[in-house]
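Listed below are the residues making up each chain.
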Amino acid sequence: MGNQTATNKQLTEQPWLDSTAQPFIVIENVSKHFGDFVAVNNVNLNIYKGELFSILGASGCGKTTLLRMLAGFETPTSGRILIDGIDVTDVPPYWRPVNMMFQSYAIFPHMTVFENVAYGLRKEGVQPAEIEKRVADMLELVQLGGYGKRKPTQLSGGERQRVALARALVKRPKVLLLDEPLAALDKKLREHTQFELMNIQDELGITFVVVTHDQEEAMILSSRIAVMKQGGFIQVGMPKEVYEYPGSRYVADFIGTVNLLEAKIESKDGDQIVAAAPEMANHVRAYTDLQLEVGDSVCIAIRPEKIYISQNEPDNDDDDRVAGVIEDFGYFGNLSLYRVRLESGRIIQVSAQNRRRSVERFLEWDDKVFLSWRVRSAVVLTA
Amino acid sequence: MNNKRSPFIFSVLAFGYAFLYIPLVSVIVYSFNDSRLATVWGGFSTRWYGELLRNDQVLDAALLSLRIAVTTATFATILGTMLGLVLARFGNFRGRTLLTGMITSPLVMPEVITGLSLLLLFVSLHGLFGWPATRGFSTITIAHITFAMAYVTVIVRSRLAAMDQSLEEAAMDLGCRPLRVVFDITIPLIAPAMISGWLLAFTLSLDDLVISSFVSGPGASTLPMLIFSKVRLGVTPDINALASIIILLVSLGVVAAWLVSRRMQKSLPSN
């Protein structure tokens, strides 16, 4: 986290740590009301040049409304939006230095691939010869060289996605907005496209703002993630921060899977706490920066992959541990997921890499097992 | 239920087709009847078609009907498209509900009422401004536009509702001004709906008897009006010939509309 002194390299790669850096996009006290419904509630956010920023949230959290306000399709009820130092709050979409890739891709069905990509340049009044060149270069970049004469109906889903990307990028926008860019692609193609998108972003240096409900997509793509809930941000940070140091139960649960245990602090020594968790039979230890008192109720969060599962009782007292019985498990090939029932009846989820190659199962139903984890893996949450 | 078609369903189908098409087929068959009596078969002949072509009254009426139908279809398509756009794309403006209701009212209003009210309008307009001086082409066309426009509006609006609105937003995002978007994106994509709207308006105008009868004046007879007045004096074989030609024209129109709507479905993106 932020307590180590940042080096210069870190500051160029992570400008949000630098208090003197100028943000590229400023969202200032922005709210959007639709009648009585508050879609976006007094949001503040700085996005820096060259970032690949993701806004992550469940459907209906206001993320799409926020993106549409950046594109200019919605006007904020209050607040302002600045892009590259210019107030664009009331600038219509056709004058904004921003382009958008729509969730449906919105490829014009009556135009060829070339005409689709050239459309924005024609509206700008670029010379035909230059249009020809820029469109060809852009199609090359998205690996659609030679596709210019095709009609959209002759394209696969992945190709349509790349046409949409080329069409939005060819105008060299200051900011590219992407609405659920990979949602319409199948899993294999999605993984491939994720990296392609990152490479293109890296090559062009354009600031990307992505809206998605897919936490995996956000984790892989982004420089930073903003988790949105009910029209507001509940946590903004790098993917690792958001995953490893969630600020609330909602974030911990929304991003990845997590075991949440209710507990009460029994003793405190510096930043280490010992808490009684009734579901766990014994005490749970954890480290936290939060200012907490003995007797406070907290929630301890432990990720399934941070837990070791074994049949022999571990003798390492530095780790916390608990005994249980395997209730259920799922085999995923690369890893196995176990649901372990503790004596209290509480189910704990554990995931384990399948390192050994074997068709025989290493653990079976009703096997008695021990779960253990490093004390540093336990996260203390109050919200 | 089994997969074999039950004889009951087959007979219902046969009966339905028979009910619909035997009258039409008999009209076509009797149009080639040599006999002067329309209901007695007197051998094959095409003489009534020839007679029809020499009948100035019929030709004048047919020409008037076609002129009215083309003008009606064109104006109804332009106005109906504009209305469809306003209703589908301009959100909730004041009086939207009222406009929606008014647009669809010609679809359910009895023709007699529509005809009568338009006649009263034209008569009082004549009294106030001296226009229309005579009732004929212009009054019939205006009357036809009023109801045909409603059909076009409904067709265009449903096509717009099915169309992905982000296409228009994408054009705007790429730097296109809103009015230009209508011509660049919206109209090319709703063109099939506009064409089938035009064809429907054309057919409706060509068919109309009741409203035309109300708002036409002396000397201006459309084809349906002429047929109706002739039939009142008894069915003659040349009417059969005329009816056969109309059946042929309408069938061609229906096939054209079907082809257009099939293309419309194909051109819709398949995602």
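Conventions used here
Residues numbered from 1 in each chain as written. Chains lettered and ligands numbered in written order. Predicted model: local features only at pLDDT ≥ 70, side-chain atom pairs only at ≥ 80, totals over all residues. Heavy atoms only, no water. Helix = DSSP H or I, 4+ residues; strand = E, 2+ residues; numbered from the N terminus. Buried < 20%, exposed > 50% of the residue type's maximum accessible area, 1.4 Å probe, protein only. Contact = heavy atoms within 4.5 Å. Areas by Shrake-Rupley, 256 points an atom, 1.4 Å probe, with all protein chains shown as cover. Lys, Arg positive; Asp, Glu negative; His and termini not counted. Charge placed at Lys NZ, Arg CZ, Asp CG, Glu CD. Salt bridge = Lys/Arg side-chain N within 4 Å of Asp/Glu carboxyl O. Polar contact = N/O pair within 3.5 Å; in protein donor to acceptor, adjacent residues only side chain to side chain. Nonpolar A, V, L, I, M, F, W, Y, C, P; charged D, E, K, R; others polar. Domains from an automatic or database assignment. Buried area = accessible area lost by both parts, 1.4 Å probe. Expected span 1.5 Å × (residues − 1). Core = buried A, V, L, I, M, F, W, Y, C linked by side-chain atoms within 4.5 Å. Axes fitted to C-alpha atoms, helices over the stretch in contact; angles between N-to-C directions. Parallel < 35°, antiparallel > 145°, perpendicular 65-115°, else oblique. Left-handed = near helix turned anticlockwise from the far one by under 90°. Pairing = 2+ DSSP bridges. Right-handed = clockwise from strand over helix to strand, strands pointing away. Phe/Tyr/Trp six-rings, centres within 6.5 Å; stacked < 30°, edge-to-face > 60°. Lys NZ or Arg CZ within 6 Å of the ring centre and 35° of its normal.

A.B. asks: Please set out the overall build of chain B residue by residue, giving values where relevant.
C.D. replies: Helix and strand counts for chain B come out as 11 helices and 0 strands. For chain B, the succession of helices and strands along the chain, N to C, is α-α-α-α-α-α-α-α-α-α-α. Judged by the C-alpha coordinates and their principal axes, chain B covers about 70 × 70 × 30 Å. In chain B, which comprises 271 residues, the proportion classed as buried is 37%. Partitioning the intrachain contacts of chain B with sequence separation of at least 6 by distance along the chain shows that 68% fall at a separation of at least 24. When the accessible surface of chain B is split by element, carbon and sulfur atoms take 71% of a total near 15,800 Å². Between the mean site of the 19 positive side-chain charges and the mean site of the 13 negative ones, chain B shows a separation of 4 Å.

A.B. asks: Can you lay out the interface of chain B and chain A for me, pointing to particular residues and giving the numbers?
C.D. replies: In this complex, chain B contributes 21 residues to the contact, which on the side of chain A involves 23 residues. Between chain B and chain A we count 2 salt bridges in total. Taking the shortest distance from any N to any O, the salt bridge between R68 of chain A and E169 of chain B comes out at 2.7 Å. At the surface where chain B touches chain A, the tally comes to 9 residue pairs in polar contact (both at pLDDT 80 or more). Counting residues per element, the ones that place at least two in the side of chain B that touches chain A are α7 (166–173) and α8 (178–207) of chain B. The biggest single contributor to the side of chain B that touches chain A is α7 of chain B, with 7 residues. Broken down by class, the residue content of the side of chain B that touches chain A amounts to 11 nonpolar, 4 polar and 6 charged.

A.B. asks: Go over the pattern of salt bridges with me, naming the residues and quoting the values.
C.D. replies: Oppositely charged side chains can pair when the atoms bearing their charge come close. All names here are of chain A. Per the counting criterion, the structure on display carries 24 salt bridges over all chains. With its nearest N and O atoms 3.6 Å apart, the salt bridge here joins R80 to D87. Classification of R80 by relative accessible area gives partly exposed; the value is 34%. Taking relative accessible area as the criterion, D87 reaches 36% and is therefore assigned partly exposed.

A.B. asks: Summarise the side chain of D173 of chain B; cite the residues concerned and give the values.
C.D. replies: Among the structural elements, D173 of chain B can be located in helix α7. Residues contacting D173 of chain B, with those up to four places away along its chain left out, are A71, F73, P93, V98, N99 and M100 of chain A.

A.B. asks: Pulling in residues and values, what's your account of the domain arrangement of chain A?
C.D. replies: All names here are of chain A. Examined at the domain level, chain A breaks down into domain 1 (8–97 + 173–253) and domain 2 (257–381). Taking only C-alpha atoms into account, the centre of domain 1 sits 34 Å from that of domain 2. Every contact between the two is made by 9 residues of domain 1 and, on the other side, 9 residues of domain 2. Roughly 840 Å² of surface becomes buried between domain 1 and domain 2 when both sides are summed, with 50% attributable to carbon and sulfur atoms. Between domain 1 and domain 2 we count 2 salt bridges in total. Taking the shortest distance from any N to any O, the salt bridge between E262 and R249 comes out at 2.8 Å. The interface formed by domain 1 and domain 2 includes 5 residue pairs in polar contact (both at pLDDT 80 or more). For the side of domain 1 that touches domain 2, the elements supplying multiple residues, two or more each, are α8 (239–244) and α9 (249–254).

A.B. asks: Describe in detail helix α3 (residues 56–89) of chain B, supporting the description with residues and values.
C.D. replies: Residue and element names in this part refer to chain B. For α3, built from 34 residues, the straight-helix expectation of 50 Å at 1.5 Å per residue is met to within 8% by its first-to-last C-alpha distance of 49 Å. Put simply, N55 is the residue that caps the front of α3, since its side-chain oxygen is 3.1 Å from the backbone nitrogen of Q57. One or two steps after α3, the chain reaches G91, where phi turns positive at roughly 65°.

A.B. asks: Tell me what's going on with the nonpolar core, and back it up with residues and numbers.
C.D. replies: If you look at the biggest cluster of nonpolar residues, it comprises 62 residues, and the most contacted ones within it are I25, L66, F108, L177 and V209 of chain A together with I185 of chain B. Looking at this core, the element that brings in the most residues is α8 of chain B, giving 8 residues. Setting aside chain neighbours within four positions, we find I185 of chain B in contact with F108, H110, M111 and Y119 of chain A together with L167, E168 and A171 of chain B. The next biggest cluster of nonpolar side chains, apart from the first, holds 35 residues, and it includes V126, I131, L155 and A168 of chain A.

A.B. asks: Give a detailed account of unusual backbone geometry, specifying residues and quantitative values.
C.D. replies: Cis geometry marks the peptide bond from W131 of chain B to P132 of chain B, where omega comes out at -5°. By the secondary structure assignment, P132 of chain B is in the loop between α5 (111–129) and α6 (137–162). Phi is positive for Q143 of chain A, close to 60°, though the residue is something other than glycine.

A.B. asks: Could you give an account of the packing of helix α3 (residues 113–124) of chain A against helix α5 (residues 157–169) of chain A, naming the residues involved and the relevant values?
C.D. replies: Residue and element names in this part refer to chain A. Between α3 and α5, the least distance of the axes is 7 Å, while the angle of their chain directions is 30°. It follows from the interaxial angle that α3 and α5 lie roughly parallel. Judged by the twist between their axes, the crossing of α3 over α5 is right-handed. Seen from α3, the contacting residues are V113, N116 and V117; seen from α5, they are V163, A166 and R167. Looking at side-chain class alone, the contact of α3 with α5 contains 4 nonpolar, 1 polar and 1 charged residues.

A.B. asks: Can you lay out the pairing of strand β8 (residues 207–212) of chain A for me, pointing to particular residues and giving the numbers?
C.D. replies: All names here are of chain A. Summarising burial for β8: 6 of the 6 residues are buried, a large majority. In β8, alternate side chains face the same way, and those of T207, V209 and V211 on one face and F208, V210 and T212 on the other are all buried. As paired elements, strand β3 (residues 52–57) and β8 share 5 bridges and run parallel to each other. In the strand pairing of β8, S54 is matched with V210. Pairing geometry for strand β7 (residues 175–179) and β8, over 5 bridges, is parallel. Within β8, the position partnered with L178 by the bridge is V210. In this fold, the crossover linking β7 to β8 by way of helix α6 (residues 187–204) has right-handed handedness.

A.B. asks: Summarise the packing of aromatic side chains; cite the residues concerned and give the values.
C.D. replies: Applying the stated criterion to the full structure yields 12 aromatic pairs over all chains. With 4.9 Å between their ring centres and 35° between their planes, F329 of chain A and W365 of chain A make a pair best called tilted. Separated by 36 residues along the polypeptide, F329 of chain A in strand β16 (residues 319–331) and W365 of chain A in the loop between β18 (347–353) and β19 (368–374) bring together distant segments of the chain. For W365 of chain A, a relative accessible area of 43% puts it in the partly exposed group. Chaining the aromatic ring pairs together yields one cluster made of F329, Y338 and W365 of chain A. Directly above the ring of W48 of chain B sits R47 of chain B, whose terminal nitrogen or CZ lies 4.1 Å from the centroid.

A.B. asks: So what's going on with the sheet that holds strand β13 (residues 283–287) of chain A? Which residues, and what values?
C.D. replies: The strands making up a sheet associate through backbone hydrogen bonding, with each pair oriented either parallel or antiparallel. Residue and element names in this part refer to chain A. What the 5 strands build is an open sheet, ordered β13-β12-β11-β14-β20; its pairing is antiparallel. Where the open sheet ends on each side, the last strands, each with one partner, are β13 and β20 (379–381). Geometrically, the sheet is characterised by an average inter-axis angle of 45° between neighbouring strands, direction not taken into account. Where strand β12 (residues 272–276) and β13 come together, 5 bridges link them in antiparallel fashion.

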